[in-house]
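What follows is each chain in one-letter form.
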Amino acid sequence: MSVSNPSLGWERLQDEFYRSRECFDLSWDVNLSDGKVAIAPYCAAIAYFSNKSSATFSINKSVDVYSGSGEKIYSIPWLSSNGTITSIGWTNKLGLIIILRNGKWRLYYNLEGDFNEYDLELSSSDDESVLDCKFWDKGFVVRTNRSKFYTVLDYEKLTPLRFDDSSNEDALQGKTIHCWSILPPNYSRDLEIYLSTDESVLKMTLNSIEDTNYKDNVPLKFISFPPNGNFVSVYSKFNRTISILSSNFGTTFKTYVSDNESDAYQMEWCSNDAVIVTYPDETKVIGPSDDSLSLYMEPECYLHPEFDGTFFLSNTKLEFLSRVGNSTSATFKIGSTFSSAILLDAIDQIDNHSPKATENVEIIKDNLSEAINYCILAAAEEFDPYWQKRLLRAATFGKSIIDFYNPDDFVETCKNLKVLNMIRQPEVGLFLTYSQLGLL
């Protein structure tokens, strides 16, 4: 059987390669642009609520939950008396969050539709209501129609907090908020909100608000932080300028002007390495150089960033964009003379009954352990079982002729790939990467 080299699907961005790989052909009949969409961590589940009005609202409306392959898992009937849904999201434990316009919110904690309801305690005298919401794995922030912000910092504690009004009201008085984003709390910082106004970008914490003094190309349409929070990307609302800055907005590392004149509709990071901007007819991947990649995904796809790449969800497919790892690049790159590439080629020579297999081993005998390690790492990164087996077979061949090699990594990789290939079946619908499996 002739199978194409995986590198034929790679795209080069400066010194790195990126690739988009299909995870699932979706089995649903859903038009994502007609509703609200929430993608769970690792795309383990997808929640969808249609915005379409219906004469039989109380009968037809529901929040539908699907697997990553588009198989419906369960539905939550939604009556008009339940309230108006503003946003939906997920916890890191796959609990479904539904935020209502009146400030109430629900946490659905199982697949039976059981939930607990909580209240953000909005101001009743001010006719306050929820306008939009930003989620992270352990909490969320909502913005109200009065430009006030409320948060739940931890789903384990569930106490709603309001950002200090005394300082925020004066700073935001008369200002239009064009976009906003959150930098979630971690071990070294508190929750931060960044807001773009006509004049600059403001930084807000629970107790204070201050001007970052970033005034270039404002107002902004998008503000996005990578998983490690060390940088920030911003997209100008009017001149298509994309800038990559330090997370405190103090240093500009790169400015890129997009040649796509269409209206961009989403910007996210691909791991911590590159920025993705989606347009109706194109998806751009922008790295640290002046270069960019143009990918052609389905229109109006939804981006879901993970620490090792980004999921693309469209009406028909789930895909995953990621940087090609060093071990994979060294092994599969056309013309590679790296030890793992030569070891993998030895398997082809064995299959063809060629004596060149022995010559290959002789060439890399001083780097045979490295070749085995790279083949194992490359196998872990591949989605296609054909290449997983091919690479592991190359590693096995290398192990058979080396004096001593610790097989622990090889055995663990074989076990983990067996698990991954099982859960990646459409019937299960959970397309984890090897790195993601390691965090569970």
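None of the values given here were measured: they were computed from a predicted structure.

Undergrad: How should I be thinking about the packing of helix 4 (residues 339–351) against helix 5 (residues 356–363) in this particular structure?
TA: A pair of packed helices is characterised by two quantities: the angle between their axes and the separation of those axes. As a packed pair, helix 4 and helix 5 sit with axes 8 Å apart at the nearest point and diverge in direction by 165 degrees. Judged by the inter-axis angle, helix 4 sits roughly antiparallel to helix 5. In terms of crossing hand, the pair formed by helix 4 and helix 5 is left-handed. Residue-level contacts link Ile342, Asp345, Ala346, Gln349 and Ile350 of helix 4 to Lys356, Ala357, Asn360 and Ile363 of helix 5. Taken together, the residues that form the contact of helix 4 with helix 5 break down as five nonpolar, two polar and two charged.

Undergrad: What exactly am I supposed to notice about helix 6 (residues 368–381) here?
TA: Owing to its 3.6 residues per turn, the α-helix brings residues three or four apart onto one side. Helix length check: helix 6, at 14 residues, gives a terminal C-alpha distance of 20 Å against a target of 20 Å (1.5 Å per residue), a fit within 8%. Along helix 6, the residues classified as buried are Leu368, Ala371, Ile372, Cys375, Ile376, Ala378, Ala379, Ala380 and Glu381.

Undergrad: Whenever I open this one, the nonpolar core confuses me. Can you help?
TA: Where a protein is soluble and globular, its nonpolar side chains tend to be buried together. If you look at the biggest cluster of nonpolar residues, it comprises 29 residues, and the most contacted ones within it are Leu343, Ile372 and Leu391. Of all the secondary structure elements, the ones that give two or more residues to this core are helix 4, helix 6, helix 7 (385–401) and helix 8 (408–423). Examining the composition of this core, we find that seven residues originate from one element, helix 6, more than from any other. Setting aside residues up to four positions removed in sequence, leucine 343 forms contacts with Ile364, Leu368, Ala371, Ile372, Cys375, Ala394, Phe397 and Gly398. The next biggest cluster of nonpolar side chains, apart from the first, holds 18 residues, and it includes Cys23, Ile39, Leu313 and Phe320.

Undergrad: Which parts of the structure should I look at to understand the sheet that holds strand 18 (residues 209–211)?
TA: Taken together, the four strands give an open sheet; going across it, the order is 15-16-17-18, and neighbouring strands pair in antiparallel fashion. Two strands close off the open sheet at either side, each with one partner strand: strand 15 (179–183) and strand 18. Looking at each pair of strands side by side, their axes are set apart by 25 degrees on average, direction ignored. Relative to strand 16 (residues 192–196), strand 15 runs antiparallel, the two sharing five bridges. Each bridged residue has a counterpart across the sheet, and for tryptophan 180 the counterpart in strand 16 is leucine 195.

Definitions and limits used
Residues numbered from 1 in each chain as written. Predicted model: local features only at pLDDT ≥ 70, side-chain atom pairs only at ≥ 80, totals over all residues. Heavy atoms only, no water. Axes fitted to C-alpha atoms, helices over the stretch in contact; angles between N-to-C directions. Helix = DSSP H or I, 4+ residues; strand = E, 2+ residues; numbered from the N terminus. Parallel < 35°, antiparallel > 145°, perpendicular 65-115°, else oblique. Left-handed = near helix turned anticlockwise from the far one by under 90°. Contact = heavy atoms within 4.5 Å. Nonpolar A, V, L, I, M, F, W, Y, C, P; charged D, E, K, R; others polar. Expected span 1.5 Å × (residues − 1). Buried < 20%, exposed > 50% of the residue type's maximum accessible area, 1.4 Å probe, protein only. Core = buried A, V, L, I, M, F, W, Y, C linked by side-chain atoms within 4.5 Å. Pairing = 2+ DSSP bridges.

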